[in-house]
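Each chain, letter by letter, is given below.
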Amino acid sequence: MSSSGITKRCLLSAARDRRLNLGHQETEVSLRDLRTFVAEHEFDAYSGSLSDFDVHGNLLVTCGFSSRMNGLACDRFLKVYDLRMMRAITPLQVHVDPLFLKFIPTYTSRLAIISQTGQCQFCEPTGLANPADIFHVNTVGQLIMTFDVSASKQAMVFGDSEGCVHLWADSPEVTFNAYSRETDFALPCMVDTLPHLDWNQDLMPLSLIPVPLTSETLLSDWPAANSVPAPRRAPPVDPEILRTMKKVGFIGYAPNPRTKLRNQVCVRACGDIPYRLKELDNEFDSFSQVPESPIGREEEPHLYMVAKKYRKVTIKYSKLGLEDFDFKHYNKTLFAGLEPHIPNAYCNCMIQVLYFLEPVRCLVQNHLCQKEFCLGCELGFLFHMLDLSRGDPCQGSNFLRAFRTIPEASALGLILADSDEATGKVNLGRLIQSWNRFILTQLHQETQEQEAPQAYRGVGSSSFGSSGDSVIGQLCSCEVENSSMCRCGKETVRVSSTLLFTLSYPESNDKTKDYEFAQILKRSICLEQNTQAWCENCEKYQPTVQTRNIRCLPDVLVINCEVNSSKEADFWKTQAEYAFKKTVMKKGGLEIPKSKEISLGEWKDLGNAEAGHLYTSIEELKNIWIPHSIQMKLTKNKELDVCNWNESDELSSSDDQDSTYTYDLMASVVHILDSRTGGSLVGHIKVGETYHQRKEGVTHQQWYLFNDFLIEPVDKCEAVQFDMSWKVPAILYYARRNLHAKYNLTIKNPIEASVLLAEASLARKQRKCHATFIPLMLNEMPQVGDLVGLDAEFVTLNEEEAELRSDGTKSTIKPSQMSVARITCVRGQGPNEGIPFIDDYISTQEQVVDYLTQYSGIKPGDLDAKISSKHLTTLKSTYLKLRFLIDVGVKFVGHGLQKDFRVINLMVPKDQVIDTVYLFHMPRKRMISLRFLAWYFLDLKIQGETHDSIEDARTALQLYRKYLELSKNATEPDDFRKVLKGLYEKGRKMDWKVPEQDSQSSPKNAAVFPAVLAL
């Protein structure tokens, strides 16, 4: 806040907005960025002065004074602003003179308005004020000077001009926040005493001596004759740039050798010290020297240790977007990767882990509810796309869009800004562990809910949720008994459940000991720690011993490794060295004395086959501490036994099958440390037999590396090898053997035909007379092979990021983020052919940067439920309609459907897509617009001022009919090719522009169209 005293009050808005709201005593409220404090927007509230304001959710409400008759009068209209659209909405008229206001968000967003005379009125900010809701604070004639609401929202306090405080509450016993932070008051101005200076210290800086301002020459002001300026010398130009540079006039152009980060330069420490310049320049030259060998230039120096398949993969965009990007180069399997360019796509590897856990895959695909933003539903839609894909990458845009709307995710710090992802300031290892805990809890809660109606859930969707617990609870939940023992002897036992465990490491003085992973796991599950806790017997905080024991074993053991500092990393490294030595002794039959250090050459000799050892590669044994299998057993006394287990071993007959579980490692998520990109997250996943059977028709198991859209088979050793210098473990998933036999793994599509029936619009002003479509009747339900004309319009949420290269070409760094705004489907056959049965405008809660009105026909306000006159629906509602049409087997006809389905986030089989942009296309030629095709073949002029999706969908259907007619009438194979040649010849002459004159509106009669006339 400024020091001039004009700032009245500051408030933080909703957490996801990350804006600071500042109210001034003059007239305006300004919104400032929390990081830079730059003003983003200002609201000019009143003509006189602003007295108070408050923020709740997306609403900003102000009260103040207006200028009337050369004076200030209290304005009884409260100004209400929507922070999503940054504009004022309907003001609220109250019956008191408002001076203070506060939101009291208990059950609703109720607003308390206080006048200076003690009148108090309650009302909703978007409703009407009722005079019956006015109360009076008896201040015995004094004026109200301040007002506030308790953090528990159960009490209000008023301060009057006499210094009295009036407390109002909604019940006799009010709950207050007993652990609130103390108020920070401004400290009085205090002048510190000067420190004592020791003249005996040679390095004592003389600048610590306060010197008065003087005009006399100081002793340190050297004359010009005795001093030489030594400016910082510019670093030399990279020799590789000089070697490849081409001069045009006095300007040189050279390709970027990629030896430094983009838009950054190397800054040298202590470069302002003259007598170290030469030494530092030599260091700089030796560091930045580019190898002469072209092989050396491909590998950047700081990436030598990171294997290429583990590095962060990026998509290179061209003029055609993604159409010419070779994803097959990165993925030669039939499994689908996930694209990384979407905000918060750091969780891609964990999405893959959940997908390859068969019970979870079946659970979410059987789940369907009415919540607009349900992560279970969106994850089910995404898993359905992964099932349909044959190696093509998918994107989780709709899932991540729903993820960004969850308040708990924002509160946990799981939603990253674009700048945070780009700069790499976030600890991705810690972040993905928090995300793992959040998604398991969220799916557990969402799949427990059974309130959804049958029309949405489907007949078979309740097979997983018939019991009180969800499948996530059955898989991962473990009943835990927490015991707290005070030193007075009082013991408190509390029973709870947990979905995962976090590894707890020994104290620093014990970290050099040799531990097995099973020991650390048992210590972490049966945790014992000393802490301060409240004792009811002593009635105060006392040192207590807290212990945790489990009552049952989960089917899937989820472990957060919690390697967040160098101490934990050193512990893993030390234990891996111990395990390496023990493995070498066991396999090689050697004894390694503890007093003798084995050299690197001797270790390599151990892997020499000629030496008679049983294994060939010593590298396969390094950096391994965790086992592929572990065995856990609960004894009769409910004590836990954990031990490392061989993957090939089976349970003995003496072991109790019910109390002894054998777990096999199913997935490991690792954090790749990369100083260039800020790091990335990858996953090793053991893909089971059922997935290979569906994709490849073979039955086997195989470990794969999932690095966004890069998928590669790896050896099982890589899943447990962690080189702590660049590959840090984050999450481990152990699955119980024969897990699938316990669960019903059938998927029954929960989407029914009722989703296509008529539904209410979200828009308040929408009337039946404005309806632009006729919903399908029961006798019109689509069948396999039916034609449906489809078109979609989009708006821009984020502009693209591009850079201009030295040769003048443009390179796209990050594409623009689009959101579907309108989807239209028209009937493709029958008596009502061409009549739309879906014309939905999609409501969005995200800020729209560009409505693209010229190309989409979408205008500001069309997507706002309060002022729109369109048929407004949620994205999920329209998505279900399209999914039902795809599952039925209809064929979609449209122009440029590949991009439409990509933005809608749908995977449609190729045999169900008829795209007119490819029907009338010659190889190695340009794509032709729908407008030109309609003018050329149908004598129609469309897309005059703006685009209309109904018109475009009908035109695409007519073009398909025309294509069938031309193909049917062609007597020779080359006849249709002649038609296309005539089309391209006419397009080149017309510069692919539709003429405006009516004289040229019918190309069918033109001489350049002989092939069509012949047909």
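Each chain has its residues counted from 1, running along the sequence as written. Where totals are concerned, whole chains, interfaces and linings use all residues; where local detail is concerned, this predicted model gives features only for residues with pLDDT of at least 70, and gives and counts side-chain atom pairs only at 80 or more. No hydrogens and no water enter the side-chain calculation; it runs on all heavy atoms of the structure.

Student: Please give an account of the overall build of the protein that cites residues and values.
Tutor: Here a strand is any run of E in DSSP of at least two residues, a helix any run of H or I of at least four, and the numbering for each starts at the N terminus. Check the secondary structure of the protein and you find 24 helices and 40 strands. Only protein chains enter the accessibility calculation, which uses a 1.4 Å probe; a residue is then buried when its area is under 20% of its type maximum, exposed when over 50%, and partly exposed in between. In the protein, which comprises 1015 residues, the share counted as buried stands at 46%. Expressed as a percentage of contacts within the protein between residues at least 6 apart in sequence, the contacts between residues at least 24 apart total 61%. Split by element, the accessible area of the protein, about 54,800 Å² in all, is 52% carbon and sulfur. Residues are treated as being in contact if the distance between any of their heavy atoms lies within 4.5 Å. Values of accessible area rely on a 1.4 Å probe in the Shrake-Rupley scheme; residue burial ignores everything except the protein chains shown.

Student: Let's hear about the sheet that holds strand 23 (residues 528–535): which residues, and what values?
Tutor: Hydrogen bonds along the backbone pair up the strands of a sheet, which may run parallel or antiparallel. The pairing criterion for strands is at least two bridges between them, as found by DSSP. Sheet architecture is open: four strands sit in the order 21-20-24-23, paired in antiparallel fashion. Looking at strand neighbours, the two that pair on one side only are strand 21 (491–498) and strand 23, the edges of this open sheet. Direction aside, neighbouring strands of the sheet carry axes that sit 35 degrees apart on average. Helix axes use the C-alpha atoms of the stretch in contact, all axes being lines fitted to C-alpha atoms, and the angles between their N-to-C directions lie in the range 0 to 180 degrees.

Student: Give me the nonpolar core: which residues, what numbers.
Tutor: Y346, L354, F403, W435, Y733 and F892 are the most contacted members of the largest nonpolar core, which has 103 residues in total. Membership of the second largest hydrophobic core comes to 56 residues, among which are V306, C478, L705 and F709. Working definition of a nonpolar core: buried Ala, Val, Leu, Ile, Met, Phe, Trp, Tyr and Cys residues. They are joined through side-chain atoms within 4.5 Å.

Student: Hey, could you go over a positive patch on the surface for me, with residue numbers and the actual values?
Tutor: In this scheme, patches are assembled from residues that exceed 30% relative accessible area and form no salt bridge. Like charges are connected within 9 Å, while nonpolar side chains (Val, Leu, Ile, Met, Phe, Trp, Tyr) are connected within 5 Å. In what follows, salt bridge is the name for a side-chain nitrogen of Lys or Arg lying within 4 Å of a carboxyl oxygen of Asp or Glu. Think of it this way: Lys and Arg go in the positive column, Asp and Glu in the negative one, and His and the chain ends go nowhere. For charged residues, the charge sits on one atom: NZ in Lys, CZ in Arg, CG in Asp, CD in Glu. A surface patch of positive charge is lined by R924, K925, R977, K978, K981 and R988. Topologically, K925 is positioned in the loop between helix 20 (916–919) and helix 21 (930–938).

Student: So what about the pattern of salt bridges? Which residues, and what values?
Tutor: Under the defined criterion, the tally for this structure stands at 30 salt bridges. Among the salt bridges present, the one from E358 reaches R694, with a minimum N-O distance of 3.4 Å. In this pair, E358 is assigned in helix 5 (residues 358–366) and R694 in helix 16 (residues 689–696), connecting sequence segments 336 residues apart. With a relative accessible area of 3%, E358 lands in the buried category. For R694, a relative accessible area of 38% translates into the label partly exposed. Residue K582 is joined to D514 by a salt bridge in which the shortest nitrogen-to-oxygen separation is 3.2 Å. With a gap of 68 residues between them, K582 in helix 14 (residues 566–588) and D514 in the loop between strand 22 (501–502) and helix 13 (517–525) connect regions that are remote in the sequence. We classify K582 as partly exposed; its relative accessible area is 35%.

Student: Provide a residue-level description of empty space enclosed by the protein, including the pertinent values.
Tutor: Cavities and pockets were defined on a 1 Å grid built from protein atoms only: a cavity is a group of points that admits a 1.4 Å probe but offers it no way out, a pocket is an open group of points flanked by protein on both sides within 12 Å along at least five of seven lines, and a lining residue is one with an atom within 4 Å of any such point. Grid points are joined across faces, edges and corners, and a volume is the space filled by probe spheres set on the points. Enumeration according to the criterion identifies three cavities of 30 Å³ or more in this entry. Counted as a void, the second largest cavity has a volume near 60 Å³. As for the second largest cavity, its lining consists of E372, F373, E378, N398, R401, A402, L875 and K876. Among the secondary structure elements, those contributing two or more residues to the lining of the second largest cavity are helix 7 (397–404) and helix 18 (875–888). When residues of the lining of the second largest cavity are assigned to their parent elements, the largest contribution, three residues, is made by helix 7.

Student: Report on the packing of aromatic side chains, specifying residues and quantitative values.
Tutor: Each Phe, Tyr or Trp ring, with Trp reduced to its six-membered ring, pairs with another whose centre is within 6.5 Å; inter-plane angles below 30 degrees give stacked pairs, above 60 give edge-to-face pairs, and intermediate values give tilted ones. Under the defined criterion, the tally for this structure stands at 40 aromatic pairs. Aromatic side chains F147 and F158 sit 5.2 Å apart centroid to centroid with 25 degrees between the ring planes, which places their arrangement in the stacked category. A residue pair is termed long-range when its members are at least 10 positions apart, and F147 in strand 15 (residues 144–149) and F158 in strand 16 (residues 155–160) qualify at eleven residues. Aromatic pair Y661 and Y663: ring centres 6.0 Å apart, planes at 55 degrees, arrangement tilted. Like Y661, the residue Y663 is buried in the burial classification. Ring pairing ties together the aromatic residues F920, F932, W935, Y936, F937, Y963, F976, Y984 and W992, which thus form one cluster. A cation sits over an aromatic face here: R694 above Y691, 4.7 Å from the ring centre. Think of it as a cone above the ring: NZ of Lys or CZ of Arg counts as a charge over the ring if it is within 6 Å of the ring centre and within 35 degrees of the ring normal.

These figures capture arrangement, not role.
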